[in-house]
Every structure is written in C-alpha cells, then in structure tokens.
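# Breakdown of the fold
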Amino acid sequence: MRAASLAIAVASACCFGFSGPMARFLGAAGMSPLEAVWVRMGGAGLLLIAALAIVRPRALRIPRDRLLFVGAYALVAVAAVQGLFFFVITRLPVGIALLLEYLSPVLVVVWARFVRRLRLGRSAYVGAVIAVAGLAVVVEVWDGIRLDTLGLAVGLVAAACSAGYFLMNDAFSDDDLDPLGLIAWGMAGAAVVLLPLARPWNIDWTAFGRTATVDGHTLPVLGAALWLVLVATIVAYVTGVIAVRRLSAAIGATVATLEVIAGAVIAWFLLGERLGGAQIIGGGVVLAGALLAQSAAARPEPGPAVQLTPEASVAG
C-alpha cells in the first residue's frame, strides 16, 4: 500500500515535470508566462468541470460550510503558487526562485510538528532538508546569485502558499468534499483570480493552429497546450492530491521536490537540453532525501489532539 502511494506521488512529480517544457512551446508561440498559466488553469478547470458534470455530478457539489475553504484553495494553493512564482523570477534568478518555492517541505514538517502536534520520525525532517539541499545544487543557486529584498519576501510567501497546497489537500475528509471537485473548482477559481493579471483577451488564439519550435524541436501549439492541461495539470494535480492523502502532507511535499528533477530529465529527452554534473549529483541527493522522508511515520503527540481545520490551514 505504501509503495503504491509512493509510486503515485512520483507519478505526480513526473507529470508536473512536463509543465516547463510544454510552457516553453507556448512561449515560443508568443504567449507570456502568465498567459500560459491562465490557459493551463482555465483549460484544466473547464475540462474537469465538464467531465465531472457528465460522469460524476455529485463531485461538483460544495457544502455551504466549505465554500470559504474551496475559495481559499483556489486563491492560495493554486493561483498564488502559480502567480507569485512568476513575480519572483522578475526579481531573482530562476534557480533561487525555485529553491525558495521548494522550501515548502520544510515548512510542512514544521507545521505538522508544532501545529498538528505530530511526532514525525526523524527521517521526515532530515529527508526534507536533504531534498532542499539537493535542489540548491540542481538549480545551481551560486550561478548569478543576487539578492533582492522584495523578491526574497515574495519568494517566501510563495513557499508558504506551496506548503498550503499540501496542507489543505490533507485537511478535509471525502465525506465533506470530493477531491476531484475541489481540484476542478480550484482550477476554475484560479483562472478567475488570475484574469486581470494574465489578460487572456490579448492572447493570439490563432497560434493554437500553428506549430512552435524550441531548440530545433517542433510541436503543434495545440498539442503542447493539451499536454500541459491534461497531463501536467489534471493528471498531476489529481495524483498529487491522492498521494498527499495517502502519505501525509509532510511526506508528499518532500517527494514532490522530484518535480524539478523530472522537469530537467524531460527537457533533456524532449528538447535535448544538457544535464550538467551538478544536476545529476543534486538529483541523486534530492532522490535520497525523498526516499528517506517517505520512510517516516507520523504519530500523534500525547495529549489533546490538535486537528488541522480548513480555517487553520489558511491561517498558515
């Protein structure tokens, strides 16, 4: 059971890994990063809502007392994670921006220990730190390093929102919300939130009928967009939520750091981008950290139980 859950988490990270390469083809077609994000969120939300309305309409029903939670999920766990990252890369190198956002495993284990009062195995803490250290090597943070106060501050907020994604996925029961419905409304809500920033009315929609070339590799723009929506978003988020609910937020967040490694490997195969020695070594370190973290078992601390409510997860 645990091995299957870990496999689902790894599959989610691999699906998320297609995000960067596919988005690059949309960029080559003339779309800005925020426009590509809007296409991703809006397309995924629309397709999921339409599919669920046909095959599983009950999944789209949201209890009145969970409306605020779903709204917060769309704003914090989806829109903010996506939007803030693109702001940070305008102030800091991409490698540092990635490292800041992927501090989320450390934040999650700290939350689990001191807020939820879970006595995590030592391997959970050590694994999270090792995984983040490995990411620092993968993204080569020492290359072109520069500090910007606002960029660092917003990067930390992005990390908190990313941690919120994992915590909120672990903060409801299937009796309250259907995970598929939460993802569908979360994507659609994120598209609405990002509307004034992405300004999709400026997108050249005729580009979807053309091809785009990146580093000598050509794909139909529509095909790249569909892969981004179906695989790198819908499948990635669905398997990610399943993994978190089976493994716990702390372990799921650490295993999710493999997304950066998966993205580098996919870019290597798909675009011919070279994997440097630092990326290979760092990837091994990240993998070691993820494997170490997944061996941890969470145990409630003696005393009154502290439950993670939707309201508490938003406050964090």
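Refer to the structure presented above.
What you are looking at is a predicted structure, and each value in this text was computed from that prediction instead of being measured. (Residues numbered from 1 in each chain as written. Predicted model: local features only at pLDDT ≥ 70, side-chain atom pairs only at ≥ 80, totals over all residues. Heavy atoms only, no water.)

### Brief notes about the packing of aromatic side chains
What the rule picks out here adds up to eight aromatic pairs. Plain terms: the ring middles of phenylalanine 16 and tyrosine 237 are 5.0 Å apart, the flat faces sit at 70 degrees to each other, and that makes the pair edge-to-face. Here the residue phenylalanine 16 occupies a position in helix α1 (residues 2-16), and tyrosine 237 occupies one in helix α11 (residues 221-247), the gap between them amounting to 221 residues. The same class applies to phenylalanine 16 and to tyrosine 237, which are both buried. Consider the rings of tyrosine 165 and tyrosine 237, whose centres lie 5.7 Å apart with planes at 85 degrees: the pair is edge-to-face. (Phe/Tyr/Trp six-rings, centres within 6.5 Å; stacked < 30°, edge-to-face > 60°. Helix = DSSP H or I, 4+ residues; strand = E, 2+ residues; numbered from the N terminus. Buried < 20%, exposed > 50% of the residue type's maximum accessible area, 1.4 Å probe, protein only.)

### Points about the environment of leucine 194
When you line up the elements, leucine 194 lands in the loop between α9 (179-193) and α10 (195-198). Given a relative accessible area of 3%, leucine 194 falls into the buried group. Distance from leucine 194 to glycine 83, taken between C-alpha atoms, is 7.5 Å for residues 111 residues apart in sequence.

### Quick look at the nonpolar core
Core analysis: the biggest nonpolar cluster contains 60 residues, and Met41, Tyr73, Val78, Val108, Tyr165 and Phe166 have the highest contact counts within it. Formed by 20 residues, the second largest nonpolar core is a distinct cluster that contains Ala13, Leu135, Ala243 and Leu247. (Core = buried A, V, L, I, M, F, W, Y, C linked by side-chain atoms within 4.5 Å.)

### Thoughts on helix α6 (residues 104-114)
Those residues of α6 that fall on the buried side of the exposure criterion are Ser104, Pro105, Val108, Val109, Trp111 and Ala112. Down the axis of α6, the sector holding all buried residues measures 160 degrees, keeping them to one side. (Arc of directions from axis to C-beta.)

### A closer look at unusual backbone geometry
For aspartate 215, which is not glycine, the phi torsion reads 55 degrees and is therefore positive. Summarising the element assignment, aspartate 215 is placed in the loop between β2 (211-214) and β3 (217-220). Taking the relative accessible area as the measure of exposure, aspartate 215 reaches 49% and is therefore partly exposed. The backbone of serine 248 shows a phi angle near 100 degrees, a positive value even though the residue is not glycine. Here serine 248 is to be found in the loop between α11 and α12 (249-255).

### Description of the pattern of salt bridges
Taken as a whole and assessed by the stated rule, the structure comprises five salt bridges. Residue arginine 24 pairs with aspartate 215 through a salt bridge whose shortest N-O separation is 3.3 Å. Here aspartate 215 lies in the loop between β2 and β3 and arginine 24 lies in helix α2 (residues 19-28), a separation of 191 residues in the sequence. For arginine 24, a relative accessible area of 34% puts it in the partly exposed group. Between arginine 210 and aspartate 204 there is a salt bridge whose closest N-O contact spans 3.2 Å. What makes arginine 210 partly exposed here is its relative accessible area of 39%. For aspartate 204, a relative accessible area of 38% corresponds to the partly exposed category. One network of salt bridges, with partners in common, ties together Asp65, Arg66 and Asp176. (Salt bridge = Lys/Arg side-chain N within 4 Å of Asp/Glu carboxyl O.)

### Section: the packing of α6 against helix α8 (residues 149-169)
Two elements in contact, α6 and α8, have axes whose closest approach is 8 Å; the angle formed by their N-to-C orientations is 60 degrees. The orientation of α6 relative to α8 falls into the category oblique. Of the two elements, α6 crosses α8, and the hand of that crossing is right-handed. Here Ser104, Leu107, Val108 and Trp111 of α6 lie close against α8, whose contacting residues are Ala159, Ala160, Ser162, Ala163, Phe166 and Leu167. Of the residues that constitute the contact of α6 with α8, the class distribution is eight nonpolar, two polar and no charged. (Axes fitted to C-alpha atoms, helices over the stretch in contact; angles between N-to-C directions. Parallel < 35°, antiparallel > 145°, perpendicular 65-115°, else oblique. Left-handed = near helix turned anticlockwise from the far one by under 90°. Contact = heavy atoms within 4.5 Å. Nonpolar A, V, L, I, M, F, W, Y, C, P; charged D, E, K, R; others polar.)

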